[in-house]
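If you want the building blocks of each chain, they are given just below.
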Amino acid sequence: MSLRDADCSWLPDHQLHVVETLAHVDHTIERLLRLTHDYTEHGTITFAEVSKGDRVDVVVREVAPLPQAIPRLVADALTQSCGPRWNTPCMRRLRPLLGGC
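Residues numbered from 1 in each chain as written. Predicted model: local features only at pLDDT ≥ 70, side-chain atom pairs only at ≥ 80, totals over all residues. Heavy atoms only, no water.

### Considerations on the overall build of the chain
Inference 1: Helix and strand counts for the chain stand at three helices and two strands.
Inference 2: Counting across all 101 residues of the chain, residues that qualify as buried make up 21%.
Inference 3: Within the chain, residue pairs in contact and separated by at least 24 positions form 52% of the contacts whose partners lie at least 6 positions apart.
Inference 4: Carbon and sulfur atoms form 57% of the exposed surface of the chain, whose accessible area is close to 7900 Å². (Helix = DSSP H or I, 4+ residues; strand = E, 2+ residues; numbered from the N terminus. Buried < 20%, exposed > 50% of the residue type's maximum accessible area, 1.4 Å probe, protein only. Contact = heavy atoms within 4.5 Å. Areas by Shrake-Rupley, 256 points an atom, 1.4 Å probe, with all protein chains shown as cover.)

### Let's talk about the pairing of strand 1 (residues 45-52)
Inference 1: One ladder, built from eight bridges, connects strand 1 with strand 2 (residues 55-63); its direction is antiparallel. Opposite Ile45, over in strand 2, you have Val63 as the bridge partner.
Inference 2: In this structure, the hairpin formed by strand 1 and strand 2 is closed by a connection of two residues, where Gly53 is found at a positive phi of approximately 65 degrees. (Pairing = 2+ DSSP bridges.)

### Details of a nonpolar patch on the surface
Inference 1: A contiguous nonpolar surface patch, about 480 Å² in accessible area, is contributed by Ile45, Phe47, Val58, Val60 and Val63.
Inference 2: Elements with a minimum of two residues in the nonpolar patch: strand 1 and strand 2.
Inference 3: The element best represented in the nonpolar patch is strand 2, accounting for three residues.
Inference 4: As for its position among the elements, Ile45 is in strand 1. (Patch = residues over 30% accessible without salt bridge, like charges linked within 9 Å, V, L, I, M, F, W, Y side chains within 5 Å. Salt bridge = Lys/Arg side-chain N within 4 Å of Asp/Glu carboxyl O.)

### Here we look at the confidence of the model for the chain
Inference 1: Looking at the chain as a whole, its pLDDT mean stands at 81, while 83% of the residues score no less than 70.
Inference 2: Across the chain, strand 2 holds the top mean pLDDT of 93, while helix 3 (residues 84-97) sits lowest at 67. (pLDDT = per-residue confidence, 0-100.)

### A few points about the environment of Asp57
Inference 1: Its place among the elements puts Asp57 in strand 2.
Inference 2: With residues up to four places along the chain from it excluded, the contact list for Asp57 reads Ala48, Glu49, Val50 and Lys52.
Inference 3: Within polar-contact distance, the side chain of Asp57 engages the side chain of Arg55 at 3.0 Å. (Polar contact = N/O pair within 3.5 Å; in protein donor to acceptor, adjacent residues only side chain to side chain.)

### A few points about helix 1 (residues 17-41)
Inference 1: The first and last C-alpha atoms of helix 1 sit 36 Å apart over 25 residues, in line with the 36 Å expected at 1.5 Å per residue.
Inference 2: All buried positions along helix 1 are accounted for by Val18, Val19, Thr21, Val25, Thr28, Leu32 and Tyr39.
Inference 3: Just downstream of helix 1 lies Gly43, where phi reads positive at about 65 degrees. (Expected span 1.5 Å × (residues − 1).)

Quick look at the structure:
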C-alpha cells in the first residue's frame, strides 16, 4: 500500500503531515533492517576454541564494530515516531477509543 492509497479520513487535514512522517519512519526502519542484516551476514562475532586439559571452551574472540549508521537510524526512527507530530494528533483521537488510557 502506498501513501496515496492510505485511508487518512480519520486524520484532520491540518495533521496530514503525520502520514508523511510515518512513511519516513517506515523507510528509515527498512534501511536499518537492511543494514543490520548485512552487518550480521559478514561474521559479526568470531569464536575461538580454548583447550583446558580435557575440556574445550568456546569463547568470543572478536566482535565486529557496529556501523555508526545503525544507532543513528535507530535514533531517527524513534525521534520521528515518538515525537509530537505523531503523539499529539493520534493520541487525542485514540485515547477515547481506548477507554481514556
